[in-house]
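# Chains, contacts and geometry: an overview
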Amino acid sequence: MLFRSAKTTKITSCKADKKSAANIQAAFTPFFLGASSADKLAGIENGDKLVAVIDKSTAAANASGQGGSSTTATYPVVLKVTCDGKTAATFDYDLALNQPRDLATPPTKGAGLAFVGDAKIVKGKWKVTGETLCDLVGANPATPTLGAECLTALGG
């Protein structure tokens, strides 16, 4: 199940979004649960530039046994959001591993991993930055070289 943004109105400011952690988590969740690369990248800023890299990353993760199953999945857990301006934020997150794929509500506790990411408000919705996704891909032991390839695909 893909979680929807906790807030349905257009988001115009980080500080005004009282549910920023839930909204950023909702933007990031499709990356972990999406059936196709396009689905996975729907909540990622400039995700259209990352399709080829994410296809490679998904194949490598699945080959190493990280792909979950038809009944389990990994979910992002956004722990803390710090506004970096009107439309930008830094967030601390963890990953909840081997969770039931059909959760009705997002998990609130992860495995104890410590990641930091960035998000931006784009057209009234939170998007996780492509750089954040590249960092995560590069941190995965199954895809260590794809982090740099991912950043190159973004133009960086």
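The structure under discussion appears in the preceding block.
As a starting point, this report considers the structure included with it.

Each value, and the rule that gives it
- Residues numbered from 1 in each chain as written.
- Predicted model: local features only at pLDDT ≥ 70, side-chain atom pairs only at ≥ 80, totals over all residues.
- Heavy atoms only, no water.
- Core = buried A, V, L, I, M, F, W, Y, C linked by side-chain atoms within 4.5 Å.
- Buried < 20%, exposed > 50% of the residue type's maximum accessible area, 1.4 Å probe, protein only.
- Helix = DSSP H or I, 4+ residues; strand = E, 2+ residues; numbered from the N terminus.
- Contact = heavy atoms within 4.5 Å.
- Pairing = 2+ DSSP bridges.

Here we come to the nonpolar core. Here is a general trend for soluble globular proteins: nonpolar side chains tend to be buried in one another's company. One finds Phe28, Leu50, Trp126 and Leu133 to be the most contacted residues of the largest nonpolar core, which totals 29 residues. Residue assignment for this core shows that the elements contributing at least two residues are helix H1 (20–33), helix H3 (51–63), strand E2 (88–100), strand E3 (115–122), strand E4 (125–128), helix H4 (130–139) and helix H5 (146–154). The dominant element in this core, judged by the number of residues it contributes, is H1, at 5 residues. Every residue in contact with Leu50, bar those within four places of it in the chain, is listed here: Leu41, Ile44, Gly130, Leu133, Cys134, Cys150, Ala153 and Leu154. Within the second largest apolar cluster, 6 residues are counted, among which are Leu33, Tyr75, Val77 and Leu103.

Turning our eyes to something else, we now look at the pairing of E2. Here strand E1 (residues 72–83) runs beside E2; their pairing, made up of 10 bridges, is antiparallel. Considered in E2, the bridge of Cys83 is made with Ala89. Adjacent in sequence and paired antiparallel, E1 and E2 are bridged by 4 residues, among which Gly85 carries a positive phi angle near 150 degrees. In this sheet, E3 lies alongside E2 in antiparallel orientation, the contact comprising 6 bridges. Considered in E3, the bridge of Asp92 is made with Val116.

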